Amino acid sequence: DVKVTQSSRYLVKRTGEKVFLECVQDMDHENMFWYRQDPGLGLRLIYFSYDVKMKEKGDIPEGYSVSREKKERFSLILESASTNQTSMYLCASSPGTGDSYGYTFGSGTRLTVV
Amino acid sequence: AQTVTQSQPEMSVQEAETVTLSCTYDTSESDYYLFWYKQPPSRQMILVIRQEAYKQQNATENRFSVNFQKAAKSFSLKISDSQLGDAAMYFCAWEGGSEKLVFGKGMKLTVNP
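Reading the values: rules and limits
- Residues numbered from 1 in each chain as written.
- Chains lettered and ligands numbered in written order.
- Predicted model: local features only at pLDDT ≥ 70, side-chain atom pairs only at ≥ 80, totals over all residues.
- Heavy atoms only, no water.
- Helix = DSSP H or I, 4+ residues; strand = E, 2+ residues; numbered from the N terminus.
- Contact = heavy atoms within 4.5 Å.
- Disulfide = S-S within 2.5 Å.
- Buried < 20%, exposed > 50% of the residue type's maximum accessible area, 1.4 Å probe, protein only.
- Pairing = 2+ DSSP bridges.
- Buried area = accessible area lost by both parts, 1.4 Å probe.
- Salt bridge = Lys/Arg side-chain N within 4 Å of Asp/Glu carboxyl O.
- Polar contact = N/O pair within 3.5 Å; in protein donor to acceptor, adjacent residues only side chain to side chain.
- Nonpolar A, V, L, I, M, F, W, Y, C, P; charged D, E, K, R; others polar.
- Core = buried A, V, L, I, M, F, W, Y, C linked by side-chain atoms within 4.5 Å.

Peer 1: Got a minute to help me understand the side chain of B:Asp86 in this structure?
Peer 2: Its location among the elements puts B:Asp86 in the loop between strand E9 (74–79) and strand E10 (88–95). Aside from chain neighbours lying at most four places away, what touches B:Asp86 is B:Lys38, B:Arg63, B:Phe64, B:Ile79, B:Asp81, B:Leu109 and B:Val111.

Rendered as structure tokens:
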């Protein structure tokens with residue numbers, strides 16, 4: 001019954017490392033999203049994609065990039081990890097049919113940058 | 001920009017009682033969707049309920065119902081007969097047709113036995 005899978009549940013990286021967070025969905029959804037969740041700040045949109053090889057910036061894209069080479073996979077990249085990127089990262093997908101039924105979320109990756 | 005406000009960061013309720021979680025939003029659009037999501041300690045975000053703004057009727061899903069006041073831009077969630085498993089973070093979210101959700105900051109619900 002797995003729908004959206006994030007490759008790591010917990011991740012610890014060093015400052016300056018290049019970090020890849022992977023997300024795969026098996027529902028043939030058009031849209032995929034990366035959010036960051038911090039206590040007291042809720043969920044903030046980093047990047048999203050409406051189609052393969054397409055990407056758009058969300059509200060807080062600085063320090064991040066994304067890749068969507070295949071429909072089912074959406075990767076979030078931290079080019080040079082910093083301690084202020086320590087957070088919970090949530091991937092989500094939606095069908096893209098026009099009617100909004102919300103997202104299906106992954107279980108999140110808790111990233112710690114030391 | 002659209003904003004979603006959950007003014008109460010935490011609430012508690014006794015098991016079997018009813019609790020109402022508040023949410024307000026700001027938008028100039030007339031057609032949109034509203035959602036409540038639940039995030040238990042397992043971290044998996046679960047859709048609780050969905051409301052289409054053009055529908056007058058309030059959405060219900062078993063013990064969960066909403067009070068949608070479009071003119072007041074208010075979208076509260078009522079949980080009846082609260083259960084221990086209802087303890088979680090609850091997020092209110094808005095979406096205006098772009099399929100990008102705007103979330104509130106969340107509210108932690110504690111259910112006391």
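Peer 1: I keep staring at the state of the cysteines and nothing clicks. Help me out?
Peer 2: Residue and element names in this part refer to chain A. For the structure on display, the rule yields two disulfides over all chains. Here Cys23 connects covalently by a disulfide to Cys91, the sulfurs 1.9 Å from one another. Taking the sign of the torsion about the S-S bond as the criterion, the disulfide between Cys23 and Cys91, at about -80°, is left-handed. In this pair, Cys23 sits in strand E4 (residues 23–25) while Cys91 sits in strand E10 (residues 87–94), placing the two residues 68 residues apart along the sequence.

Peer 1: I'm lost on the pairing of E9(B) in this one. Help?
Peer 2: For a regular strand, side-chain orientation follows a simple rule: the groups alternate between the two sheet faces. Residue and element names in this part refer to chain B. Of all six residues in E9, five are buried, a share of seventy percent or more. As paired strands, strand E3 (residues 19–21) and E9 are joined by three bridges and run antiparallel to one another. Among the inter-strand pairings, Val19 is bridged to a residue of E9, identified as Ile79. Taken together, the six bridges between strand E8 (residues 64–69) and E9 define a ladder with antiparallel strand orientation. From the neighbouring strand, Gln69 faces E9, where its bridge partner is Ser74.

Peer 1: Explain the interface of chain A and chain B here, please?
Peer 2: Residue-level contacts link 31 residues of chain A with 19 residues of chain B. Summed over both partners, the interface of chain A with chain B comes to about 2,000 Å²; 45% of that surface belongs to carbon and sulfur atoms. Counting every contact that joins chain A to chain B gives zero salt bridges. Put simply, chain A and chain B have 14 residue pairs in polar contact (both at pLDDT 80 or more) between them. Within the residue set of the side of chain A that touches chain B, elements represented by two or more residues are strand E5 (31–38), strand E6 (42–49), E10 and strand E12 (109–113) of chain A. Here the side of chain A that touches chain B is composed, by residue class, of 14 nonpolar, 14 polar and three charged.

Peer 1: In this structure, what is going on with the pattern of salt bridges? I would like to understand it.
Peer 2: For side chains bearing opposite charge, pairing can occur when the charged atoms are close. Under the counting rule described, the total for this entry stands at eleven salt bridges over all chains. Between A:Arg36 and A:Asp38 there is a salt bridge whose closest N-O contact spans 2.8 Å. With respect to class, A:Arg36 is no different from A:Asp38; both count as buried. Across the pair B:Arg63 and B:Asp86 runs a salt bridge, and its minimum N-O distance is 2.8 Å. Within this pair, whereas B:Arg63 is found in the loop between strand E7 (60–61) and E8, its partner B:Asp86 is found in the loop between E9 and E10, the two being separated by 23 residues in sequence. For B:Asp86, a relative accessible area of 2% gives the class buried. Overlapping salt bridges, with partners in common, bring together A:Asp28, A:Glu30 and A:Lys71 in one network.

Peer 1: Just to check I follow, could you spell out the nonpolar core for this structure?
Peer 2: Across soluble globular proteins, you tend to see nonpolar side chains buried next to one another. The biggest cluster of nonpolar side chains holds 27 residues, and the ones touching the most others in it are B:Trp36, B:Leu77, B:Tyr90 and B:Leu109. Counting residues per element, the ones that place at least two in this core are strand E2 (10–14), E3, strand E5 (33–39), strand E6 (46–52), E8, E9, E10 and strand E12 (107–112) of chain B. Element by element, the count of residues in this core is highest for E10(B), at four residues. Contacts of B:Leu77, omitting those with residues within four sequence positions, involve B:Val19, B:Thr20, B:Leu21, B:Trp36, B:Val48, B:Ile49, B:Phe64, B:Ser65, B:Val66 and B:Tyr90. Ranked by size, the runner-up nonpolar core spans 20 residues in total, among them A:Tyr47, A:Phe74, A:Ala81 and A:Val113.

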